[in-house]
Amino acid sequence: MDLNWRTSSYTETQNCVEIADNDLTMVMVRDTKARGRGMIEVHRATWVAFVEHVRRRKHTGKNP
């Protein structure tokens, strides 16, 4: 399968990560400045939980 890499629409610089989420079971994550150094594979359910956690923290104003 060819991975469909994309960055967030909020990204204004190249200091970001890219994700490929066109696989039904895994989400791939890589650094935009070091694409050739590999990627991290995350189970889709784990990725969804991570994104939801970040959204909740953003809306509550809690910082790490």
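Please refer to the structure higher up on the page.
So, here is what we can say about the structure in this document. (Residues numbered from 1 in each chain as written. Predicted model: local features only at pLDDT ≥ 70, side-chain atom pairs only at ≥ 80, totals over all residues. Heavy atoms only, no water.)

Thoughts on the pattern of salt bridges
Right, on to step 1. What the rule picks out here adds up to four salt bridges.
Right, on to step 2. With a closest N to O distance of 2.6 Å, arginine 6 and aspartate 21 form a salt bridge. One end of the pair, arginine 6, is in strand S1 (residues 5-6); the other, aspartate 21, is in the loop between strand S2 (17-20) and strand S3 (26-31), with 15 residues separating them in the sequence.
Right, on to step 3. Here arginine 55 makes a salt bridge to glutamate 52, at a shortest N to O gap of 3.0 Å. A residue pair is termed a helical-turn pair when its members lie 3 or 4 positions apart in one helix, as arginine 55 and glutamate 52 do in helix H1 (residues 44-60) at three residues. (Salt bridge = Lys/Arg side-chain N within 4 Å of Asp/Glu carboxyl O. Helix = DSSP H or I, 4+ residues; strand = E, 2+ residues; numbered from the N terminus.)

Overview of the sheet that holds S1
Right, on to step 1. Strand order in the open sheet formed by four strands is S1-S2-S3-S4, and the pairing between neighbours is antiparallel. Of all strands in the sheet, those bounded by a partner on one side alone are S1 and strand S4 (40-43).
Right, on to step 2. Judged from the two bridges that link them, S1 and S2 form a sheet pairing that is antiparallel. Note that in S2 the partner of arginine 6 across the bridge is isoleucine 19.
Right, on to step 3. Most of the contacts of H1 go to S4, to which it runs at about 90°, and overall it touches S2, S3 and S4. (Pairing = 2+ DSSP bridges. Contact = heavy atoms within 4.5 Å. Axes fitted to C-alpha atoms, helices over the stretch in contact; angles between N-to-C directions.)

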